[in-house]
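Here's the letter readout for the chains.
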Amino acid sequence: MPIKLEKSTEKHLLTSIQRFFSEELEEKIGDLKAMRVLDFCLKEIAPRVYNQAIQDAQSYIQDKTSELGDARYEPESVYWKTK
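Described in the following lines is the structure provided in the data block.

## Re the packing of aromatic side chains
So, step 1. Following the criterion strictly, the structure yields 2 aromatic pairs and no others.
So, step 2. Centre to centre, the rings of Phe-20 and Phe-21 are 6.1 Å apart; their planes meet at 80°, and the pair counts as edge-to-face.
So, step 3. Consider the rings of Tyr-79 and Trp-80, whose centres lie 4.9 Å apart with planes at 85°: the pair is edge-to-face.

Right, dumping it as structure tokens:
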């Protein structure tokens, strides 16, 4: 599933990439190069991060649902036992 960004997000990321190149690598890049870097990241890096995030969320949910068995047990049909 390709990752689609909203235009505002894409614009923000392109600006951030350009700033990174300027401040960290002391190289100015234009919109086209920034778009190619973003496209590379979305195709090569983002899917791995996404898959890991899904795996982490799945593991977290499984851990939490397995704890439901440890939840305090409430006895049933106790109304008449207290009378």
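## Digging into the environment of Ser-8
So, step 1. Within the fold, Ser-8 resides in helix H1 (residues 7-24).
So, step 2. Each C-alpha atom, one on Ser-8 and one on Glu-26, is 26 Å from the other, the two residues being 18 residues apart in sequence.

## A look at the pattern of salt bridges
So, step 1. This structure, assessed with the given rule, holds 4 salt bridges.
So, step 2. The residue Lys-43 makes a salt bridge to Asp-39 at a minimum N-O spacing of 3.4 Å. Of this pair, Lys-43 and Asp-39 both sit in helix H2 (residues 31-66), 4 residues apart, roughly one helical turn.
So, step 3. Between Glu-67 and Lys-64 there is a salt bridge, with the nearest N and O atoms lying 3.8 Å from each other.
So, step 4. On the accessibility criterion, Lys-64 (40% relative accessible area) is partly exposed.

## Brief notes about the environment of Pro-75
So, step 1. Mapped onto the fold, Pro-75 is located in the segment after H2.
So, step 2. Relative accessible area serves as the criterion here: at 48%, Pro-75 is assigned to the partly exposed category.
So, step 3. Separated by 16 residues in sequence, Pro-75 and Ser-59 place their C-alpha atoms 30 Å apart.

## What to know about the nonpolar core
If you look at soluble globular proteins, the nonpolar side chains tend to sit buried side by side.
So, step 1. Ranked by size, the top nonpolar core spans 6 residues in total: Leu-14, Ile-17, Phe-21, Ile-29, Ala-34 and Leu-38.
So, step 2. For this core, the elements supplying multiple residues, two or more each, are H1 and H2.
So, step 3. Here this core gets 3 residues from one element, more than from any other, and that element is H1.
So, step 4. When neighbours within four sequence positions are excluded, Ala-34 is seen to be in contact with Leu-14, Ile-17, Gln-18 and Ile-29.

## Notes on unusual backbone geometry
Generally, phi is negative for residues other than glycine and the peptide bonds are trans, each holding for most cases.
So, step 1. Positive phi, close to 50°, is recorded for Glu-26, a residue that is not glycine.
So, step 2. With respect to the element layout, Glu-26 can be found in the loop between H1 and H2.

## Structural notes on H1
So, step 1. Taking 1.5 Å per residue, 18 residues should reach 26 Å; H1 reaches 25 Å between its end C-alpha atoms and fits that length.
So, step 2. Three or more residues of H1 are buried, namely Glu-10, Leu-14, Ile-17, Gln-18 and Phe-21. Seen end-on, H1 carries its buried residues on one side only, within an arc spanning 95°. Exposed side of H1, more than 90 degrees from the buried face: Ser-8, His-12, Arg-19, Glu-23 and Glu-24 are the residues found there.
So, step 3. In the core, the buried residues of H1 are packed alongside H2.

Calculation notes
Residues numbered from 1 in each chain as written. Predicted model: local features only at pLDDT ≥ 70, side-chain atom pairs only at ≥ 80, totals over all residues. Heavy atoms only, no water. Phe/Tyr/Trp six-rings, centres within 6.5 Å; stacked < 30°, edge-to-face > 60°. Helix = DSSP H or I, 4+ residues; strand = E, 2+ residues; numbered from the N terminus. Salt bridge = Lys/Arg side-chain N within 4 Å of Asp/Glu carboxyl O. Buried < 20%, exposed > 50% of the residue type's maximum accessible area, 1.4 Å probe, protein only. Core = buried A, V, L, I, M, F, W, Y, C linked by side-chain atoms within 4.5 Å. Contact = heavy atoms within 4.5 Å. Expected span 1.5 Å × (residues − 1). Arc of directions from axis to C-beta.

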